There are 2 protein chains.
Amino acid sequence: MPATIHDVAKKAGVGIGTVSSVLNNSRPVNPATRQKVLDAIKWLDFVPNPSGRRLSMGKTHTIGVVIPFFTIASQIERLRGVMSVIAGSDYDISLYTVETVPQRNKVLQRVARRGHIDGLLIFSLSPTEEDLQRIKQRQVPTVLIEAYHPEVHSLSLDDVAAARNAVEYLINLGHRKIAYIGDYLEDPFGTYFSRNRFEGYCQALKAAGITVDKRYQRQGWLDRSEARQLALDLLQLPDRPTAVFAFSDEQALGVLEAARDLDISVPQQLSVIGYDDIRIAHFAQLTTVRQNLFDSGVKGVELLLNVIEHPNATPQHIQLPTKLVIRHTTAPPPVMENIL
Amino acid sequence: MPATIHDVAKKAGVGIGTVSSVLNNSRPVNPATRQKVLDAIKWLDFVPNPSGRRLSMGKTHTIGVVIPFFTIASQIERLRGVMSVIAGSDYDISLYTVETVPQRNKVLQRVARRGHIDGLLIFSLSPTEEDLQRIKQRQVPTVLIEAYHPEVHSLSLDDVAAARNAVEYLINLGHRKIAYIGDYLEDPFGTYFSRNRFEGYCQALKAAGITVDKRYQRQGWLDRSEARQLALDLLQLPDRPTAVFAFSDEQALGVLEAARDLDISVPQQLSVIGYDDIRIAHFAQLTTVRQNLFDSGVKGVELLLNVIEHPNATPQHIQLPTKLVIRHTTAPPPVMENIL
DNA sequence: TCTGTTTTCGGAAACGCTTCCGAATCGCCG
DNA sequence: CGGCGATTCGGAAGCGTTTCCGAAAACAGA
């Protein structure tokens, strides 16, 4: 049976209030007394019971992190950023992964309640109005990463610009037949960035006077093997694209796999650009849009910890920078194609 | 201010004991009364405060998961397995990542205490005697995954046999100069599997009458870029190896990168085998030793939940199967080499 | 109608902590 | 030595649950 604060008090011959004061430095204590208490704590191997502390203080010292697409490397990088900050604080991390829509709803309903957590960090999910209502009503400090809602603090990317930029790069290389492989635009999780990246893709094409061709657009689940299927289909079109802009690195890797399946050499016959710059992207030599994932995790918790301190601050919306990283999956289109 | 059980009791015109009974089905309640209580709960949007519940029941409904090498894909796969089970239970997951030795110690000290968590799941870390003492003393139900200690429940692999098997495969292909790139044998985290895999490597060589050559052994931090450096060194030896057995896929990928740096073609001039079968391994076409990572997570929590129910069960030690998955980074050694 | 049994329920106590009011002690000055 | 502010500390109250003792009500049997 673990020791309690009363055991310590008795052992040290002081009152429980004094022990608590020593534990939390909450009021001055005579050095001699403090030493007695410390000795007793050590002797009894006492650790304050967090449940008691929580109940008494009304704080849980826990931050909930909600992560969809957990299979995807980018999320892990963010989480690492979060953990690096948390390790130096006295908060714990409660992890909630989301793989399906019902799960998403269940998690958002169950988690966003006072008493479970002190704050909520949500990756890549834009809350619905209903979710938001609940969050606001329960007054749970919340920060969104890679998602947006005007009434909640958020960190997001200028996806439109980043995607446009990437596609412009392909256009400048000479590509005209540029395909897009992405997430479902009306994705069930209610995210915006899917539409944003697609929007950027369209903008770049239009600006260059290239017609946006439906045949060159494919949507699928955010997952390498599905992207591979989509790409197989795409690359067997009679007039196949010379470049693919993928919504995510994960999907870009699927495209690379498909190209290999079909003996299409990259970048000679096909250029591929991804999005995220996950760690494998480096290995795969993938040209991609880098978002500083680790850093987004760091900034996200830091903001959240801040919001926990100052619950009534007006929502901040921070834009994170992106950068096109050029590696070896992009090149000018094959010459023949241009001649024909 | 959230409603409490007293508010509900007052609203429903019953006692708090009755409300609690309804909440937990802990004793029979007259249907009419129950309905009144349920109405009040709905009306007040009442959710029991977990801190109160925890304190009262002495259970935290939280499982701590300790994960070193979090950058490494294999750990994520395991964690996914864990999460898939937890999603259907009423436990929460508290995540503790470990990146350094001091952190390892801090985490094992702070986490393994009653009152924080109901159970502890430790990945890939063999506890020291001191850790163990603490764990036993505090009576925290614990399960090790990919680690071993006679006095704690564990899931582990027969690393010796798996490694021997992999190296035998290389030998059968005709290789004689087989290098090993691994973790530090005396690794600071106190793990066994490092030594075990090396042991398997040695056993295979000896059984084939090949002398174990120190020049062909490299140890480094478990990380792709460091492995790459080690491999660069190794592959520039005057009499360079024709095959490399790597301790992990992550390191095997580093070897592949080094080979590419040096324009050594794989598998024509160099064979590489990894260990784990992480998801990228498939993409990289890496021959590797598969351990069913997701499944190890599933089995691990299931065992832990069981141990939480029956704290005094004698320690179980489950061996997980492994399998050599042959892809395209292994081939017979170059013929010239054999002639010279 | 009375007694004994079963069903149903109220609320005090306990969980381990923090907070804070007020009491005790100390130190200083006149 | 007396008085007063400063310092130090004890422990009751309260946080929101669950548990459980025992009381009240309902019911059954004679």
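Residues numbered from 1 in each chain as written. Chains lettered and ligands numbered in written order. Predicted model: local features only at pLDDT ≥ 70, side-chain atom pairs only at ≥ 80, totals over all residues. Heavy atoms only, no water.

Visitor: Would you mind going over the pattern of salt bridges in detail, with residue names and values included?
Guide: Residue and element names in this part refer to chain A. Scanning all chains against the criterion turns up 40 salt bridges over all chains. Of the charged contacts, one joins Glu 257 and Arg 228 as a salt bridge, the two residues approaching to 2.9 Å between their closest N and O atoms. In this pair, Glu 257 sits in helix α11 (residues 249-261) while Arg 228 sits in helix α10 (residues 224-235), placing the two residues 29 residues apart along the sequence. Judged by its relative accessible area of 4%, Glu 257 falls in the buried class. Taking the relative accessible area as the measure of exposure, Arg 228 reaches 22% and is therefore partly exposed. (Salt bridge = Lys/Arg side-chain N within 4 Å of Asp/Glu carboxyl O. Helix = DSSP H or I, 4+ residues; strand = E, 2+ residues; numbered from the N terminus. Buried < 20%, exposed > 50% of the residue type's maximum accessible area, 1.4 Å probe, protein only.)

Visitor: Tell me about the interface of chain A and chain B, residues and numbers included.
Guide: In this assembly, 44 residues from chain A lie in contact with 44 residues from chain B. A salt bridge links Glu99(A) to Arg80(B), with the nearest nitrogen and oxygen atoms 3.8 Å apart. At the surface where chain A touches chain B, the tally comes to twelve residue pairs in polar contact (both at pLDDT 80 or more). For the side of chain A that touches chain B, the secondary structure elements donating two or more residues are α4 (50-57), α5 (73-86), β2 (92-98), α6 (101-111), α7 (129-138), α10, α11 and α12 (279-283) of chain A. (Contact = heavy atoms within 4.5 Å. Polar contact = N/O pair within 3.5 Å; in protein donor to acceptor, adjacent residues only side chain to side chain.)

Visitor: I'd like a rundown of the domain arrangement of chain A, residues and numbers included.
Guide: Domain assignment breaks chain A into domain 1 (5-48), domain 2 (58-156 + 293-319) and domain 3 (159-292 + 324-339). Taken over C-alpha atoms, the centre of domain 1 of chain A sits 36 Å from the centre of domain 2 of chain A. (Domains from an automatic or database assignment.)

Visitor: Which residues make up the sheet that holds strand β7 (residues 217-219) of chain A, and what values do they have?
Guide: Residues and elements named next belong to chain A. Judged by pairing direction, the sheet is mixed, and its six strands sit side by side in the order β7-β6-β8-β9-β10-β12 without closing on themselves. With one partner strand each, in any of the chains shown, β7 and β12 (322-325) form the two edges of the open sheet. Pairwise comparison of adjacent strand axes, ignoring direction, gives a mean angle of 15 degrees for this sheet. This element, helix α9 (residues 193-207), spans β6 (178-182), β7, β8 (243-246), β9 (271-276) and β10 (287-291) of the sheet and lies at about 175 degrees to β6. Lying on the sheet, α10 is in contact with β6, β7 and β8; it crosses β6 at an angle near 155 degrees. (Pairing = 2+ DSSP bridges. Axes fitted to C-alpha atoms, helices over the stretch in contact; angles between N-to-C directions.)

Visitor: Mind laying out the protein's contact with DNA strand D, listing which residues take part and the relevant values?
Guide: Lining the immediate environment of DNA strand D, one finds 27 residues, of which Gly15(A), Thr18(A), Asn30(A), Thr33(A) and Ser56(B) sit closest. Broken down by class, the residue content of the surface near DNA strand D amounts to ten nonpolar, 14 polar and three charged. (Near = heavy atom within 4 Å. Nonpolar A, V, L, I, M, F, W, Y, C, P; charged D, E, K, R; others polar.)

Visitor: Which residues make up the pairing of strand β3 (residues 119-123) of chain B, and what values go with them?
Guide: Residue and element names in this part refer to chain B. Counting buried residues along β3, five of its five residues qualify, which places the element largely inside the surrounding structure. Side-chain alternation along β3 places Gly 119, Leu 121 and Phe 123 on one buried face and Leu 120 and Ile 122 on a second face that is also buried. In this structure, strand β1 (residues 62-68) lies alongside β3, joined through four bridges in parallel fashion. The residue of β3 that forms the bridge with Gly 64 is Leu 120. Bridging between β3 and strand β4 (residues 142-145) involves four bridges; their strand directions are parallel. Residue pairing in the sheet places Leu 121 in a bridge with Val 143 of β4. At this point the chain moves from β3, through helix α7 (residues 129-138), to the parallel β4, and the crossover so formed is right-handed. (Right-handed = clockwise from strand over helix to strand, strands pointing away.)

Visitor: Break down helix α3 (residues 31-44) of chain A for me, citing the residues and quoting the values.
Guide: Residue and element names in this part refer to chain A. For α3, built from 14 residues, the straight-helix expectation of 20 Å at 1.5 Å per residue is met to within 8% by its first-to-last C-alpha distance of 20 Å. Taken as a whole, α3 has its buried residues at Val 37, Ala 40 and Ile 41. What you see down the axis of α3 is that its buried residues fit within an arc of 100 degrees, all on one side. Set apart from the buried face of α3 by more than 90 degrees, the exposed residues are Pro 31, Ala 32, Lys 42 and Trp 43. Where α3 is buried, its residues touch α1 (5-12) and α2 (16-24). Measuring from the backbone nitrogen of Ala 32 back to the side-chain oxygen at the start of α3 gives 2.8 Å, which picks out Asn 30 as the cap. (Expected span 1.5 Å × (residues − 1). Arc of directions from axis to C-beta.)

Visitor: Got a sec to walk through the packing of aromatic side chains? Specific residues and values, please.
Guide: With the rule as written, the count across this model stands at eight aromatic pairs over all chains. Three or more aromatic residues link up through ring pairs in this structure, and these residues are Tyr180(A), Phe198(A), Tyr201(A) and Phe245(A). Between Arg197(B) and the ring centre of Tyr275(B), over which it is positioned, the NZ or CZ distance is 3.6 Å. (Phe/Tyr/Trp six-rings, centres within 6.5 Å; stacked < 30°, edge-to-face > 60°. Lys NZ or Arg CZ within 6 Å of the ring centre and 35° of its normal.)

Visitor: So what about the environment of Arg290(B)? Which residues, and what values?
Guide: Residues and elements named next belong to chain B. Its place among the elements puts Arg 290 in strand β10 (residues 287-291). The contacts of Arg 290, once residues within four sequence positions are left out, are Asp 276, Asp 277, Pro 321, Thr 322, Lys 323, Val 325 and Arg 327. A distance of 2.7 Å separates the side chain of Arg 290 from the side chain of Asp 277, its partner in a polar contact.

Visitor: Kindly report on the protein's contact with DNA strand C, identifying the contributing residues and their values.
Guide: As a matter of local geometry, DNA strand C sits amid 29 residues, with Ile5(A), Ser56(A), Gly15(B), Thr18(B) and Thr33(B) nearest to it. Near the protein, within 4 Å, the atoms of DNA strand C are sugar or phosphate in 57% of cases. The side chain of Ser56(A) places a nitrogen or oxygen atom 2.6 Å from a sugar or linking oxygen of DNA strand C. Contact between DNA strand C and Ser56(B): a base oxygen at 3.4 Å from a main-chain N or O atom of the residue. Residues that form the surface near DNA strand C fall into these classes: twelve nonpolar, 14 polar and three charged.

Visitor: Give me the lowdown on the nonpolar core, citing residues and values where you can.
Guide: Membership of the largest hydrophobic core comes to 196 residues, with the highest contact counts inside it found for Ile63(A), Leu79(A), Tyr201(A), Phe245(A), Leu79(B), Tyr201(B) and Phe245(B). Sort the elements by how many residues they give to this core and helix α13 (residues 293-309) of chain A lands first, with eight residues. Here Tyr201(A) is in contact with Ala163(A), Arg164(A), Val167(A), Ile178(A), Ala179(A), Tyr180(A), Tyr216(A), Gln217(A) and Phe245(A), once residues within four sequence places are set aside. (Core = buried A, V, L, I, M, F, W, Y, C linked by side-chain atoms within 4.5 Å.)

Visitor: Describe in detail the environment of Arg34(A), supporting the description with residues and values.
Guide: Residues and elements named next belong to chain A. Relative to the elements of secondary structure, Arg 34 occurs in helix α3. For the pair Arg 34 and Gly 81, spaced 47 residues apart in sequence, the C-alpha separation works out to 38 Å. Leaving out residues up to four positions away in the same chain, Arg 34 has contacts with Val 22, Asn 25 and Val 29.

Visitor: Hey, could you go over the packing of α1(A) against α2(A) for me, with residue numbers and the actual values?
Guide: Think of two packed helices as two axes; the pair is described by the angle between the axes and how far apart they sit. Residue and element names in this part refer to chain A. Running from amino to carboxyl end, α1 crosses α2 at an angle of 105 degrees, the nearest separation of the two axes being 8 Å. By the angle between their axes, α1 is roughly perpendicular relative to α2. Within the contact between the two elements, α1 uses Ile 5, His 6, Val 8 and Ala 9 and α2 uses Ile 16, Val 19, Ser 20 and Leu 23. Here the contact of α1 with α2 is composed, by residue class, of six nonpolar, two polar and no charged. (Parallel < 35°, antiparallel > 145°, perpendicular 65-115°, else oblique.)

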